[in-house]
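The residues making up each chain are set out below.
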Amino acid sequence: MSSLDELWEKLCAAEDSKSLLKKHCTEDVYNKLKDKQTKFGGTLAECIRSGAENPESGVGVYASDPEAYTVFADLLNPVIMDYHKVKQLKHPACNFGKVDKLDFGDLDPSGELIVSTRVRVGRSHASYGFPPTLTKEQRIEMEKVTREALEQLTGELKGTYHSLDGMSPETQKQLMEDHFLFNDSDRFLKAAGGYNDWPTGRGIFFNDNKTFLVWVNEEDHIRIISMQQGGDLAAVYKRLVEGIKELEKKLDFARLPTLGYLTFCPSNLGTALRASVHVKIPKVAAMPDFKEICDKYHIQARGIHGEHTESVGGVYDISNKRRLGLTEIEAIQEMRQGVQELIRLEKGEEKAPSPKSKGCVIL
Ligand code: ADP
Ligand code: ARG
């Protein structure tokens, strides 16, 4: 494994790299941070390894542990501000909105375009490091703590934990094809130590109809997921919020007032929420300004097998891009408005008149 000096040399040599690591890890920053260490044993080498070894990274940085966000703030803060496009580091208190009185329901009542809807949040145990600073024993111990909390869930959230260790390849393949399970194929995450001791300590929890799922020790310690076929975002979101609130009663999650919930990758922190639909938009996606439309609504397009994959048959994964500096309900509303605009364009419908042009008085 490359030493910090070697990683720094690789980074310096990567002249064409467009990563945020390359941009913000200046010589001054490097010299200031190179001898620091967190109480979890995290070092700068762990934070920059993936980006130094993969110059084509977009971000290129992972936090070695929750404390890295403080100890290595001279590198992580500018990366966070750049990625999340915020001018200052502050994050509102958690606010899920009035989940029983949401002003939206199904984003595609006709069922023509939206195949499925999913909302997830990442969460980290406050008392454990992130993958590169974890021992195998700690990973097993953390899995146990998470599993015990999950096994106490009741009602619609009640489910079963399935350890990855010992799960047959056929079951894994089917769960992946159905968009439920993760795998170890992300080279950026691999370089960051995300697959150390794979598959030990990893697993998936889900209820009987697979609408509430929890990933254990994928990229983050915990990913809480609610999903179902069709476009009923309100139902999906409500179930997710219920799940988060129940798990918060049992587990202590890492959070900073300035950065919100902490995650392994700085791109995910804040609300750590990604709300997505798989939606058929072949016409819109072929428009020359598709990227500009997505940027305008702060939404992001991915392929249907997750990050770094391609669209199949004109179906895209469309989700909110921003996670920091806004509340959970605001992140959901951004995704909702963006998706509705894409659907309107796909169907070639007129834009709904604004309340003002209808003669309303906005108080
Ligand atoms: P994450 O959402 O955890 O950031 P990915 O983009 O890799 O990570 O997606 C994880 C999995 O969730 C993939 O298998 C992907 O196909 C699936 N997925 C994402 N959004 C949806 C959706 N709206 N409907 C069904 N599956 C989805
Ligand atoms: N490290 C990768 C990069 O810099 C992925 C970043 C965002 N994705 C994620 N799953 N954390 O391009």
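Residues numbered from 1 in each chain as written. Chains lettered and ligands numbered in written order. Predicted model: local features only at pLDDT ≥ 70, side-chain atom pairs only at ≥ 80, totals over all residues. Heavy atoms only, no water.

Participant: Kindly report on the overall build of the protein, identifying the contributing residues and their values.
Facilitator: Along the backbone of the protein there are 13 helices and 10 strands. Scaling as 2.2 N^0.38, a compact globule of 363 residues should have a C-alpha radius of gyration of about 21 Å, and the protein matches this with 21 Å. Each principal axis of the C-alpha atoms in the protein carries an extent, and together these give about 65 × 45 × 40 Å. Split into buried and exposed, the 363 residues of the protein put 54% on the buried side. (Helix = DSSP H or I, 4+ residues; strand = E, 2+ residues; numbered from the N terminus. Rg over C-alpha atoms; globule rule 2.2 N^0.38 Å. Buried < 20%, exposed > 50% of the residue type's maximum accessible area, 1.4 Å probe, protein only.)

Participant: For the nonpolar core, give the residues involved together with the corresponding values.
Facilitator: Val-214, Ile-224, Tyr-237 and Ile-318 are the most contacted members of the largest nonpolar core, which totals 52 residues. The dominant element in this core, judged by the number of residues it contributes, is helix α10 (residues 233–250), at 8 residues. Those residues within four positions of Ile-318 in sequence are excluded, and the remaining contacts are Ala-275, Ser-276, Val-277, Val-279, Ile-281, Phe-290, Ile-299, Gln-300, Ala-301, Met-335, Val-339 and Leu-342. Formed by 41 residues, the second largest nonpolar core is a distinct cluster that contains Cys-47, Ala-52, Phe-130 and Leu-262. (Core = buried A, V, L, I, M, F, W, Y, C linked by side-chain atoms within 4.5 Å. Contact = heavy atoms within 4.5 Å.)

Participant: So what's going on with the pattern of salt bridges? Residues and values would help.
Facilitator: Under the definition given, this model contains 19 salt bridges. When the shortest N-O distance is used, the salt bridge between Lys-32 and Asp-74 registers 3.1 Å. With Lys-32 in helix α3 (residues 27–33) and Asp-74 in helix α6 (residues 73–84), this residue pair connects regions lying 42 residues apart in the sequence. Relative accessible area serves as the criterion here: at 48%, Lys-32 is assigned to the partly exposed category. Two residues, Asp-82 and Lys-85, come together in a salt bridge whose shortest N-O distance is 3.3 Å. Overall, Asp-82 belongs to the buried group, its relative accessible area being 15%. (Salt bridge = Lys/Arg side-chain N within 4 Å of Asp/Glu carboxyl O.)

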